[in-house]
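One-letter residues, chain by chain:
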Amino acid sequence: MLIACWSPKGGCGTTVVSAALALVLATSEGPTLLADLDGDIPAVLGIPDPSGPGLSHWLHAGPDVAEDALARLEVDVRPGLRLLPAGLPGGIGDDDSGRAQALAAALAADRRPVVVDCGRAASGAALAVAAGASLSLLVLRPCYLGLRRAAAAPLRASGLVLVNEGGRSLCARDVEEALGIPLRAQVPYEPAIARAVDAGLLATRVPRGLERSLRRAA
């Protein structure tokens, strides 16, 4: 299963949701692959930035590089979870040398559950992967700006992951009805989650509230 997590704007929690979902799947489903198209997964997991080549290099290597070369780019995160790093600071740019569809196909063909942090998924490889995913998850906070951008996005998600914040006027039902996308999970906006990320502990222990919410997402 290829699961793409994306958002129409930054700051919605896409990277944290992607990383935590991959960790949850690695525990419940077995070996799992996490692909980083946005460039921030190592920081969120609390692991060093991989020093070798990554997805950006594969995308620009040309058609003579086989799809199975992706496996040589993987690095261990913890038992059961491997990471395909972005390869460049700032993630994958729009220029992907026309290999975006090849990447989407290769990830979809993997026998493991594959979770991809697509970031904004506005164009290039991120958009191609999100469009070709078996489960395309829109990660959103219940704010008017995010809702407006999601409605205008060039991609329609198959499910919604809502990061709940207290004090917002919009509720989950408002967002679900406005976008016409079924709600798959509601992630609590909790200090424990922020502390786990800030301390680099997410790869060691997913906060209980986050884990419980994301079990329903996939």
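Below or above, wherever it landed, is the structure these notes cover. For clarity, every value in this text was computed on a predicted model and none was experimentally measured. (Residues numbered from 1 in each chain as written. Predicted model: local features only at pLDDT ≥ 70, side-chain atom pairs only at ≥ 80, totals over all residues. Heavy atoms only, no water.)

1. Describing the overall build of the protein
Then, number 1: Each helix and strand counted, the protein has nine helices and eight strands in total.
Then, number 2: Relative to the compact-globule value of 17 Å for 218 residues, the protein shows a C-alpha radius of gyration of 16 Å, a close match.
Then, number 3: Among the 218 residues that make up the protein, the fraction classed as buried is 51%.
Then, number 4: Within the protein, residue pairs in contact and separated by at least 24 positions form 71% of the contacts whose partners lie at least 6 positions apart.
Then, number 5: When the accessible surface of the protein is summed, it comes to about 10,000 Å², and 50% of that surface belongs to carbon and sulfur atoms. (Helix = DSSP H or I, 4+ residues; strand = E, 2+ residues; numbered from the N terminus. Rg over C-alpha atoms; globule rule 2.2 N^0.38 Å. Buried < 20%, exposed > 50% of the residue type's maximum accessible area, 1.4 Å probe, protein only. Contact = heavy atoms within 4.5 Å. Areas by Shrake-Rupley, 256 points an atom, 1.4 Å probe, with all protein chains shown as cover.)

2. Remarks on the side chain of Ser7
Then, number 1: Tracing the chain through its elements places Ser7 in the loop between β1 (2–6) and α1 (14–28).
Then, number 2: A polar contact of 3.0 Å, which involves the side chain of Ser7, links it to the backbone oxygen of Lys9. (Polar contact = N/O pair within 3.5 Å; in protein donor to acceptor, adjacent residues only side chain to side chain.)

3. Here we look at the packing of aromatic side chains
Then, number 1: For the coordinates displayed, the defined rule picks out zero aromatic pairs.
Then, number 2: One cation-aromatic arrangement involves Arg99 over Trp58; the distance from NZ or CZ to the ring centre is 3.9 Å. (Phe/Tyr/Trp six-rings, centres within 6.5 Å; stacked < 30°, edge-to-face > 60°. Lys NZ or Arg CZ within 6 Å of the ring centre and 35° of its normal.)

4. A word on the pairing of strand β7 (residues 159–164)
Moving residue by residue along a regular strand, the side chains alternate between the two faces of the sheet.
Then, number 1: For β7, the buried fraction is high: five of the six residues fall into the buried class.
Then, number 2: As judged from the four bridges shared by strand β6 (residues 135–140) and β7, these two strands associate in the parallel manner. Across the sheet, residue Val139 finds its bridge partner in β7, namely Val161.
Then, number 3: By the bridge criterion, five bridges tie β7 to strand β8 (residues 183–188) in an arrangement that is parallel. Bridge pairing in β8 links Asn164 to Pro188. (Pairing = 2+ DSSP bridges.)

5. Some points on the packing of helix α4 (residues 100–109) against helix α5 (residues 124–132)
Then, number 1: The N-to-C vectors of α4 and α5 enclose an angle of 40°; their axes lie 8 Å apart at closest approach. Judged by the angle between their axes, α4 and α5 are oblique. Handedness of the crossing formed by α4 with α5: right-handed. Residues Ala100, Gln101, Leu103, Ala104 and Leu107 of α4 touch α5, and the partners they reach there are Gly124, Ala125, Ala128 and Val129.
Then, number 2: Of the residues that constitute the contact of α4 with α5, the class distribution is seven nonpolar, two polar and no charged. (Axes fitted to C-alpha atoms, helices over the stretch in contact; angles between N-to-C directions. Parallel < 35°, antiparallel > 145°, perpendicular 65-115°, else oblique. Left-handed = near helix turned anticlockwise from the far one by under 90°. Nonpolar A, V, L, I, M, F, W, Y, C, P; charged D, E, K, R; others polar.)

6. Overview of the sheet that holds β1
Then, number 1: Pairing is mixed across the open sheet formed by eight strands, whose spatial order is β3-β4-β2-β5-β1-β6-β7-β8. Only two strands of the sheet have a single neighbouring strand rather than two, namely β3 (75–78) and β8. This sheet shows a mean twist of 25° between the axes of neighbouring strands, independent of strand direction.
Then, number 2: Of the strand pairs in this sheet, β1 and strand β5 (residues 114–117) are connected by four bridges, and their pairing is parallel. Paired with Ile3 across the two strands is Val115, which belongs to β5.
Then, number 3: Along the sheet, α1 contacts β1, β2 (32–36), β3, β4 (81–84), β5, β6, β7 and β8; its crossing angle with β5, the most-contacted strand, is approximately 170°.

7. So, the packing of helix α6 (residues 144–152) against helix α7 (residues 172–179)
Then, number 1: Orientation of α6 relative to α7, taken along the N-to-C sense of each, is 20°, at an axis distance of 10 Å. By the angle class used here, α6 and α7 are roughly parallel. Crossing of α6 over α7 shows right-handed handedness. From α6, Leu147, Ala150 and Ala151 reach across to α7, where they touch Val175, Ala178 and Leu179.
Then, number 2: Class assignment for the residues of the contact of α6 with α7 results in six nonpolar, no polar and no charged.

8. Let's talk about α7
Then, number 1: Burial in α7 covers these residues: Ala172, Val175 and Leu179. Along α7, the residues classed as buried sweep out an arc of 70° about the axis, all on the same side. Residues of α7 that are exposed and angled more than 90 degrees away from the buried face: Arg173, Glu177 and Ala178.
Then, number 2: Residues of α7 that are buried in the fold lie against β6, α6, β7 and β8.
Then, number 3: Note on α7: the residue one or two positions beyond its end, Gly180, has a positive phi of about 70°. (Arc of directions from axis to C-beta.)

Just geometry here; none of it tells us what the structure is for.
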